[in-house]
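# Residue-level structural notes
The lines below spell out each chain.
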Amino acid sequence: EENVWKLCEQVKKTYPSELPKCYAIFVSNERRTVPLWRQKAGRGDEKLVIWDYHVFFMHNPSPNRCLVFDLDTTLPFPTYFHKYVTETFRSDYALTSEHHRFFRVIPAEKYLAEFSSDRRHMRRPDGSWIKPPPSYPPIQTNTSTHSLDDFICMKPGKGPGAVYDLLHFVQQFYKPPDRNIGTKTQN
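The rules behind the values
- Residues numbered from 1 in each chain as written.
- Predicted model: local features only at pLDDT ≥ 70, side-chain atom pairs only at ≥ 80, totals over all residues.
- Heavy atoms only, no water.
- UniProt positions renumbered as here; feature names shortened; annotations may be inferred.
- 1 Å grid on protein atoms, 1.4 Å probe; cavity = no way out; pocket = protein on both sides within 12 Å on 5 of 7 lines; lining within 4 Å.
- Points joined across faces, edges and corners; volume = space filled by probe spheres on them.
- Helix = DSSP H or I, 4+ residues; strand = E, 2+ residues; numbered from the N terminus.

An unreviewed UniProt entry lists the protein chain under the name Protein N-terminal glutamine amidohydrolase, with Anopheles christyi given as the organism. Word for word, the UniProt comment on the protein chain under Subunit (unreviewed entry) is "Monomer." Under the Catalytic activity (unreviewed entry) heading, UniProt states for the protein chain: "N-terminal L-glutaminyl-[protein] + H2O = N-terminal L-glutamyl-[protein] + NH4(+)".

What follows is the structure, encoded as structure tokens:
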């Protein structure tokens, strides 16, 4: 989540006109058990892992072009949306409902303004770090030191942005090429 925040921050600094076309995407579900394939932490040939939640960055500059930037994928960086979704999420039809993935889509500007984390989720119960934290200070806002749970929550109406199931997430960002462009119709 912090790496995605840093990507949003970098876009704002270097390409501010592109920021409205960028999103932070949180993937989770009520049980916090979301299977994703093609992940560096995954096992086996298909690199399957079950995360409690996952976060990636998207740039959607036009209706027919959407790129995914996932720092944990084994796919190319970036990857076109359709390839990423097909390889990483596959289909909900083969999964039990408890493993269905939901997607919180947050515009990058809103993510920069509202996300905060005191990194409590990176500590063991005894207070020691699970992994060393980033070298920069925790991300804070004027009103919050830790809003991560609002972003992971997949209840519509709670938290920022919009929540979609897999089908509606794909419909929102994937526009198949128009196969009829350049063909003539007979009268």
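Additional details are given in the paragraphs that follow.
## Points about the layout of surface pockets
Over the atoms, a rolled probe matching the size of one water molecule traces out where space is still vacant. A volume near 880 Å³ is recorded for the largest pocket. What lines the largest pocket is a set of 26 residues, among which Glu1, Trp51, Tyr53, Asp72 and Lys131 lie closest to the centre. Mapped by element, the contributors of at least two residues to the lining of the largest pocket are helix 1 (2–14), strand 4 (54–62) and helix 4 (148–152).

## A look at the UniProt feature "domain: Protein N-terminal glutamine amidohydrolase alpha beta roll" (unreviewed entry) in the protein chain
Sequence positions flagged by UniProt for "domain: Protein N-terminal glutamine amidohydrolase alpha beta roll" (unreviewed entry) are, in local numbering, residues 1–173. Here residues 1–173 is 24% helix and 23% strand, with 21 Å between the C-alpha atoms at its ends.

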